[in-house]
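# Tertiary structure, described
Listed below are the residues making up each chain.
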Amino acid sequence: MNKLNCILVALLAWLQYSLWLGKNGICDLINIHNTIILYKNINNIDQLKVRNNQLLYEIYDLLHGYEAIEERSRYDLGMIKHGETFYLITL
């Protein structure tokens with residue numbers, strides 16, 4: 001009975017070591033989980049999805065209408081139409 005107890009204790013110790021410190025054990029799981037949380041915070045997936053959707057809507061507007069192109073050229077490039085007068089007001 002004494003040998004059986006020693007074998008069972010050794011088996012239990014080996015299984016606990018494998019569970020906690022072995023390959024793919026609890027320590028590795030915790031490290032991977034922390035790494036995933038870190039990368040999610042760095043990437044901030046929700047903000048990237050919102051930004052991508054805004055860019056897709058802007059692309060759609062530019063491809064399907066002249067109003068968006070005209071607005072973009074007026075504000076970003078400072079273009080004016082023929083016959084318009086441009087007034088620059090400085091404060």
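How each quantity is defined
Residues numbered from 1 in each chain as written. Predicted model: local features only at pLDDT ≥ 70, side-chain atom pairs only at ≥ 80, totals over all residues. Heavy atoms only, no water. UniProt positions renumbered as here; feature names shortened; annotations may be inferred. Helix = DSSP H or I, 4+ residues; strand = E, 2+ residues; numbered from the N terminus. Rg over C-alpha atoms; globule rule 2.2 N^0.38 Å. Buried < 20%, exposed > 50% of the residue type's maximum accessible area, 1.4 Å probe, protein only. Areas by Shrake-Rupley, 256 points an atom, 1.4 Å probe, with all protein chains shown as cover. Lys, Arg positive; Asp, Glu negative; His and termini not counted. Charge placed at Lys NZ, Arg CZ, Asp CG, Glu CD. pLDDT = per-residue confidence, 0-100. Axes fitted to C-alpha atoms, helices over the stretch in contact; angles between N-to-C directions. Parallel < 35°, antiparallel > 145°, perpendicular 65-115°, else oblique. Contact = heavy atoms within 4.5 Å. Nonpolar A, V, L, I, M, F, W, Y, C, P; charged D, E, K, R; others polar.

In the nomenclature of an unreviewed UniProt entry, the protein chain corresponds to Cell division protein FtsB from the organism Blochmanniella pennsylvanica. According to the UniProt record, the Function (unreviewed entry) comment for the protein chain is "Essential cell division protein. May link together the upstream cell division proteins, which are predominantly cytoplasmic, with the downstream cell division proteins, which are predominantly periplasmic." If you open the UniProt record of the protein chain and go to Subunit (unreviewed entry), you find "Part of a complex composed of FtsB, FtsL and FtsQ."

## Let's talk about the overall build of the protein chain
The number of helices and strands found in the protein chain is four helices and zero strands. Put simply, the protein chain runs from its N terminus to its C terminus through helices and strands in the order α-α-α-α. Taken against the 2.2 N^0.38 rule, which gives 12 Å for 91 residues, the C-alpha radius of gyration of the protein chain at 32 Å runs more than 25% over that of a compact globule. When each of the 91 residues of the protein chain is scored for burial, the buried share is 5%. Within the structure as shown, the protein chain displays about 9,100 Å² of accessible surface, and the carbon and sulfur contribution to it stands at 63%. When the 8 positive and 9 negative side-chain charges of the protein chain are each reduced to one mean point, those points stand 19 Å apart.

## Some details on the environment of Leu62
Summarising the element assignment, Leu62 is placed in helix 3 (residues 45–64). Sequence spacing of Leu62 and Arg51 is 11 residues, and the spatial spacing of their C-alpha atoms is 17 Å.

## Section: the confidence of the model for the protein chain
Scored by pLDDT, the protein chain has a mean of 87; 100% of the residues are at 70 or more. The lowest-confidence element of the protein chain is helix 4 (residues 66–77), averaging 83 in pLDDT; the highest-confidence one is helix 1 (residues 2–20), averaging 90.

## As for the packing of helix 3 against helix 4
Following both chains from N to C, one finds helix 3 and helix 4 inclined at 105°, their axes separated by 5 Å at the closest point. Relative to helix 4, the element helix 3 is oriented roughly perpendicular. Two secondary-structure elements touch here, helix 3 through Glu58, Asp61 and Leu62 and helix 4 through Ala68, Ile69 and Arg72. Residues belonging to the contact of helix 3 with helix 4 are distributed by class as follows: three nonpolar, no polar and three charged.

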